[in-house]
Amino acid sequence: MAEKNLVVANWKCNGGAELVDSYLKAFLALEGTDVVVCPPVIFLTQLQALLRKNVSLGAQDLSTFEVGPYTGDISSEMILECGGTWTLIGHSERRALHQEGQAEILQKLQAANRVGLKTILCVGETLDHRRSGSAEEAVLSQLDILIEANDSTLFDNLTIAYEPIWAIGTGQTASPSDAQSMHARIREKILSLSDALGDNLRILYGGSVSADNCGSFLNEDDIDGVLVGGSCLNVSEFEKIVRICGAC
Ligand code: 13P
């Protein structure tokens, strides 16, 4: 397991000049944590000053294409050019609202990996899965692309984020022990590919993370950080989360 907790802010389709400014004024990175901020890519360049404060920048998605006539797409190289070194991939909002399937998600992992972008592959189950007892199956099957790809280099830069879909933006969270048991199953699946891959893999929890609840997740053995949505839109709340994660 990684030594430092990883704290990731996913602004989603939120923010503007004011939020950019409040992040630029904040001191986000602390010893004991790695911090990544994923704004809408249009703000990456403006946020580059954060790099000097040991905060990394990331995108929320990327194109499967490298270059060419793909209107609206943002390539992995463009993310790098704007100072981004990370990208989220397969967020449940992209899976549900943009019909991203497993094949496309794998292509995105490969596109990011080709240029050395660090990837955060998001997985999670619906409330129906959880109620019907098929949550583990639903989550673990989303990892099958990693096995099918048969390319161990995909793991070089990989982080996994477990985000139960029913916990996203709802104020409801998984209990720390339920999250821990899902994280343990995720790690087990990756360990079955290689001990080194599984041991080094960071697995984040996401879904209504706040300053009040993040500590309880990070006390669990297999939870190596948090992916924060709504709470990162208030920079002082996000800074609190970073501080707590640094102390865990
Ligand atoms: P919330 O923290 O708003 O629940 O969002 C979680 C999320 O989807 C982060 O990617």
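Scroll up for the structure.
Report on the accompanying structure.

Basis of the calculations
- Residues numbered from 1 in each chain as written.
- Predicted model: local features only at pLDDT ≥ 70, side-chain atom pairs only at ≥ 80, totals over all residues.
- Heavy atoms only, no water.
- Pairing = 2+ DSSP bridges.
- Helix = DSSP H or I, 4+ residues; strand = E, 2+ residues; numbered from the N terminus.
- Axes fitted to C-alpha atoms, helices over the stretch in contact; angles between N-to-C directions.
- Contact = heavy atoms within 4.5 Å.
- Near = heavy atom within 4 Å.
- Polar contact = N/O pair within 3.5 Å; in protein donor to acceptor, adjacent residues only side chain to side chain.
- Areas by Shrake-Rupley, 256 points an atom, 1.4 Å probe, with all protein chains shown as cover.
- Nonpolar A, V, L, I, M, F, W, Y, C, P; charged D, E, K, R; others polar.
- Buried < 20%, exposed > 50% of the residue type's maximum accessible area, 1.4 Å probe, protein only.
- Phe/Tyr/Trp six-rings, centres within 6.5 Å; stacked < 30°, edge-to-face > 60°.
- Right-handed = clockwise from strand over helix to strand, strands pointing away.

### Overview of the sheet that holds strand β3 (residues 55–59)
Ordered by their spatial adjacency, eight strands build a closed barrel running β1-β2-β3-β4-β5-β6-β7-β8, and the pairing between neighbours is parallel. Neighbour-to-neighbour, the strand axes of the sheet open up by a mean angle of 25°, direction not taken into account. Where helix α4 (residues 102–115) meets the sheet, its contacts fall on β4 (84–89), β5 (118–123) and β6 (158–162), and the angle it forms with β4 comes to roughly 170°.

### Remarks on the site of the ligand
By nearness alone, 13 residues border the ligand, and Lys-12, His-91, Gly-169, Ser-208 and Gly-230 come closest of all. Within the side chain of His-91, an N or O atom sits 2.8 Å from an oxygen atom of the ligand. The backbone of Ser-208 places a nitrogen or oxygen atom 2.7 Å from an oxygen atom of the ligand. A total of 300 Å² of accessible area belongs to the ligand in isolation, and the protein chains cover 95% of it. Looking at side-chain class alone, the shell around the ligand contains four nonpolar, seven polar and two charged residues.

### Quick word on unusual backbone geometry
Leaving glycine out, the prevailing phi sign among residues is negative, and the prevailing peptide bond configuration is trans. Of note, Asn-54 is a non-glycine position whose phi angle comes to about 60°, a positive value. The topology assignment puts Asn-54 in the loop between β2 (33–38) and β3. Asn-54 gets classed as exposed once you look at its relative accessible area, which sits at 64%. Despite not being glycine, Ser-208 shows a phi value in the positive range, around 55°. Note that Ser-208 resides in the loop between β7 (202–206) and α10 (214–218).

### Here's the deal with the packing of aromatic side chains
Here the structure, examined in full by the defined rule, presents six aromatic pairs. Here the aromatic rings of Tyr-205 and Phe-217 are separated by 4.2 Å at their centres, their planes lie at 15°, and the arrangement is stacked. One end of the pair, Tyr-205, is in strand β7; the other, Phe-217, is in helix α10, and 12 residues separate them in sequence. Residue Tyr-205 is classed as buried on the basis of its relative accessible area, which comes to 0%. Through a chain of ring-to-ring contacts, three or more aromatic side chains come together here, namely Trp-11, Tyr-23, Phe-43 and Phe-238.

### Describing the side chain of Lys-108
Tracing the chain through its elements places Lys-108 in helix α4. At 3.3 Å, the side chain of Lys-108 and the backbone oxygen of Leu-62 are in polar contact. In contact with Lys-108, other than residues within four places in its own chain, are Asp-61, Leu-62, Thr-64, Ile-89, Arg-94 and Glu-100.

### A look at the side chain of Lys-189
Assignment of secondary structure puts Lys-189 in helix α8 (residues 176–191). On the basis of relative accessible area, Lys-189 is assigned to the buried category, the value being 19%. Among residues more than four places away in sequence, those in contact with Lys-189 are Leu-140, Ser-141, Leu-143, Asp-144 and Ile-147.

### Details of the pairing of β3
By the criterion of burial, β3 is predominantly enclosed, with four of the five residues buried. As paired elements, β2 and β3 share three bridges and run parallel to each other. Bridge pairing in β3 links Val-35 to Val-55. As for the winding sense of the linkage, the β-α-β connection from β3 through helix α2 (residues 76–81) to β4 is right-handed.

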